[in-house]
Amino acid sequence: MNGQLFHIEGLDHQDGQLSALLRMNTDHVILKGHFPDQPVMPGACLVQVVKDVMREALNTQLLLTNASMIKFISMMIPQTHPTCHLTVTYKPSDDELITFTAQIKSNDAVCFKMQGKFSKS
(Lines give C-alpha, C1' and ligand atoms only; values in the text may rest on other atoms or scores of the structure.)
Protein backbone atom coordinates (compact mmCIF):
# COMPACT_ATOMS: atom_id res chain seq x y z
CA MET A 1 0.00 0.00 0.00
CA ASN A 2 3.04 2.21 0.02
CA GLY A 3 2.34 5.36 2.05
CA GLN A 4 -1.41 5.29 1.53
CA LEU A 5 -3.72 5.10 4.53
CA PHE A 6 -6.14 2.76 2.79
CA HIS A 7 -6.81 0.83 -0.40
CA ILE A 8 -10.20 0.47 -2.08
CA GLU A 9 -10.77 -3.27 -2.51
CA GLY A 10 -14.25 -2.92 -3.97
CA LEU A 11 -16.46 -0.04 -5.06
CA ASP A 12 -20.10 -0.15 -6.15
CA HIS A 13 -21.45 3.20 -7.31
CA GLN A 14 -24.85 3.91 -8.83
CA ASP A 15 -27.79 6.30 -8.54
CA GLY A 16 -26.49 8.51 -5.73
CA GLN A 17 -25.27 5.62 -3.61
CA LEU A 18 -21.87 4.14 -3.16
CA SER A 19 -20.55 1.26 -1.17
CA ALA A 20 -16.85 0.57 -0.71
CA LEU A 21 -14.82 -2.14 0.93
CA LEU A 22 -11.61 -0.61 2.25
CA ARG A 23 -8.41 -2.18 3.56
CA MET A 24 -6.58 0.03 6.01
CA ASN A 25 -2.78 0.20 6.04
CA THR A 26 -2.02 -1.16 9.51
CA ASP A 27 1.62 -0.01 9.21
CA HIS A 28 0.79 3.60 8.32
CA VAL A 29 2.90 6.11 10.25
CA ILE A 30 -0.16 8.00 11.52
CA LEU A 31 -1.20 4.96 13.57
CA LYS A 32 2.17 4.77 15.29
CA GLY A 33 1.46 8.02 17.13
CA HIS A 34 -2.30 7.60 17.64
CA PHE A 35 -1.81 5.80 20.02
CA PRO A 36 1.48 3.89 20.42
CA ASP A 37 0.13 1.17 22.72
CA GLN A 38 -3.27 0.82 21.01
CA PRO A 39 -3.39 2.32 17.53
CA VAL A 40 -6.82 3.67 16.59
CA MET A 41 -7.86 5.43 13.42
CA PRO A 42 -7.95 9.21 14.03
CA GLY A 43 -11.34 10.82 13.46
CA ALA A 44 -9.92 13.34 11.01
CA CYS A 45 -8.69 10.44 8.90
CA LEU A 46 -12.20 8.98 8.73
CA VAL A 47 -13.46 12.29 7.35
CA GLN A 48 -10.64 12.19 4.79
CA VAL A 49 -11.54 8.60 3.83
CA VAL A 50 -15.09 9.72 2.97
CA LYS A 51 -13.75 12.56 0.83
CA ASP A 52 -11.16 10.40 -0.93
CA VAL A 53 -13.60 7.62 -1.81
CA MET A 54 -16.20 10.13 -3.02
CA ARG A 55 -13.52 11.83 -5.14
CA GLU A 56 -12.60 8.48 -6.67
CA ALA A 57 -16.22 7.50 -7.35
CA LEU A 58 -17.18 10.87 -8.85
CA ASN A 59 -13.84 11.42 -10.61
CA THR A 60 -13.62 15.04 -9.47
CA GLN A 61 -11.84 17.11 -6.84
CA LEU A 62 -13.95 17.87 -3.75
CA LEU A 63 -13.81 20.40 -0.94
CA LEU A 64 -15.68 19.80 2.30
CA THR A 65 -17.76 22.97 2.77
CA ASN A 66 -20.10 21.85 5.54
CA ALA A 67 -20.09 19.10 8.16
CA SER A 68 -23.49 19.41 9.81
CA MET A 69 -23.02 16.18 11.78
CA ILE A 70 -20.01 14.06 12.65
CA LYS A 71 -20.31 11.24 15.17
CA PHE A 72 -17.50 9.01 16.34
CA ILE A 73 -19.44 6.07 17.74
CA SER A 74 -16.77 3.47 18.46
CA MET A 75 -13.04 3.12 17.98
CA MET A 76 -11.77 1.76 14.71
CA ILE A 77 -8.75 -0.44 15.38
CA PRO A 78 -7.12 -1.39 12.06
CA GLN A 79 -4.71 -3.92 13.61
CA THR A 80 -7.68 -5.97 14.85
CA HIS A 81 -10.00 -5.41 11.87
CA PRO A 82 -8.07 -4.08 8.86
CA THR A 83 -11.11 -3.89 6.57
CA CYS A 84 -14.07 -1.59 6.86
CA HIS A 85 -17.17 -0.79 4.86
CA LEU A 86 -18.12 2.73 3.76
CA THR A 87 -21.59 3.61 2.53
CA VAL A 88 -22.51 7.03 1.17
CA THR A 89 -25.81 8.42 -0.05
CA TYR A 90 -25.51 11.70 -1.90
CA LYS A 91 -27.47 14.16 -3.97
CA PRO A 92 -25.87 16.70 -6.30
CA SER A 93 -27.51 20.12 -6.54
CA ASP A 94 -27.58 22.76 -9.23
CA ASP A 95 -24.97 24.94 -7.53
CA GLU A 96 -22.14 22.35 -7.67
CA LEU A 97 -22.78 21.24 -4.06
CA ILE A 98 -23.10 17.59 -3.15
CA THR A 99 -25.15 16.85 -0.02
CA PHE A 100 -24.19 13.51 1.52
CA THR A 101 -24.63 11.11 4.41
CA ALA A 102 -21.84 8.62 5.14
CA GLN A 103 -21.27 5.74 7.50
CA ILE A 104 -18.25 3.55 8.20
CA LYS A 105 -18.56 0.10 9.75
CA SER A 106 -15.71 -1.93 11.14
CA ASN A 107 -16.29 -5.53 12.23
CA ASP A 108 -20.04 -5.05 11.56
CA ALA A 109 -20.21 -2.21 14.10
CA VAL A 110 -20.88 1.38 13.09
CA CYS A 111 -17.89 3.45 14.17
CA PHE A 112 -18.48 6.71 12.28
CA LYS A 113 -21.37 8.74 10.82
CA MET A 114 -21.25 12.02 8.95
CA GLN A 115 -23.53 14.41 7.08
CA GLY A 116 -22.38 17.38 5.11
CA LYS A 117 -21.73 19.03 1.78
CA PHE A 118 -18.88 18.89 -0.69
CA SER A 119 -18.32 21.40 -3.43
CA LYS A 120 -16.71 20.41 -6.69
CA SER A 121 -13.41 22.22 -7.01
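In short, a report on the structure. Source: prediction; values computed, not measured.

Observations concerning the sheet that holds strand 1 (residues 6-14)
Here we have 6 strands laid out as an open sheet, ordered 1-2-4-5-6-3, and antiparallel in their pairing. Each having just a single partner strand, strand 1 and strand 3 (62-72) make up the two edges of the open sheet. Taking the axes of each pair of neighbouring strands and ignoring which way they run, one obtains an average angle of 20° across the sheet. Here 9 bridges tie strand 3 to strand 6 (residues 109-120), and the two strands are oriented antiparallel to one another. Paired with Met69 across the two strands is Gln115, which belongs to strand 6. Sitting on the sheet, helix 2 (residues 43-58) is in contact with strand 1, strand 2 (17-24), strand 3, strand 4 (83-92), strand 5 (97-106) and strand 6, with an inclination near 50° to strand 1.

So, the packing of aromatic side chains
The final tally for this structure, using the stated rule, is 2 aromatic pairs. Arranged with centres 5.5 Å apart and planes meeting at 35°, the rings of Phe72 and Phe112 form a pair that is tilted. With a gap of 40 residues between them, Phe72 in strand 3 and Phe112 in strand 6 connect regions that are remote in the sequence. Here Phe112 falls in the buried class, since its relative accessible area comes to 0%. Relative to Phe118, the ring of Phe100 has its centre 4.5 Å away and its plane inclined at 15°; by these criteria the two rings are stacked.

Topic: the nonpolar core
If you look at the biggest cluster of nonpolar residues, it comprises 30 residues, and the most contacted ones within it are Leu22, Met24, Val50, Met54, Leu86 and Ile104. For this core, the secondary-structure elements that each account for two or more residues are strand 2, helix 2, strand 4, strand 5 and strand 6.

Some points on helix 2
The first and last C-alpha atoms of helix 2 sit 23 Å apart over 16 residues, in line with the 22 Å expected at 1.5 Å per residue. Taken together, the buried positions of helix 2 are occupied by Cys45, Leu46, Val47, Val49, Val50, Asp52, Val53, Met54 and Ala57. In the stretch just after helix 2, Asn59 is the one whose phi turns positive, near 55°.

Let's talk about the pairing of strand 5
Across the two faces of strand 5 the burial differs, with Ile98, Phe100, Ala102, Ile104 and Ser106 buried and Leu97, Thr99, Thr101, Gln103 and Lys105 not buried at all. As defined by bridge partners, strand 4 adjoins strand 5 across 9 bridges and the pair is classed as antiparallel. Following the sheet pairing, Leu86 is matched in strand 5 by Ile104. Here strand 4 folds back onto strand 5 in antiparallel fashion, the turn holding 4 residues, of which Glu96 has a positive phi close to 70°. Pairing of strand 5 with strand 6, which is carried by 10 bridges, proceeds in the antiparallel orientation. If you follow Lys105 over to strand 6, its bridge partner there is Val110. The antiparallel hairpin formed by strand 5 and strand 6 contains 2 residues in its connecting segment, where Asn107 sits at a positive phi of about 55°.

Analysis parameters
- Residues numbered from 1 in each chain as written.
- Predicted model: local features only at pLDDT ≥ 70, side-chain atom pairs only at ≥ 80, totals over all residues.
- Heavy atoms only, no water.
- Pairing = 2+ DSSP bridges.
- Helix = DSSP H or I, 4+ residues; strand = E, 2+ residues; numbered from the N terminus.
- Axes fitted to C-alpha atoms, helices over the stretch in contact; angles between N-to-C directions.
- Contact = heavy atoms within 4.5 Å.
- Phe/Tyr/Trp six-rings, centres within 6.5 Å; stacked < 30°, edge-to-face > 60°.
- Buried < 20%, exposed > 50% of the residue type's maximum accessible area, 1.4 Å probe, protein only.
- Core = buried A, V, L, I, M, F, W, Y, C linked by side-chain atoms within 4.5 Å.
- Expected span 1.5 Å × (residues − 1).

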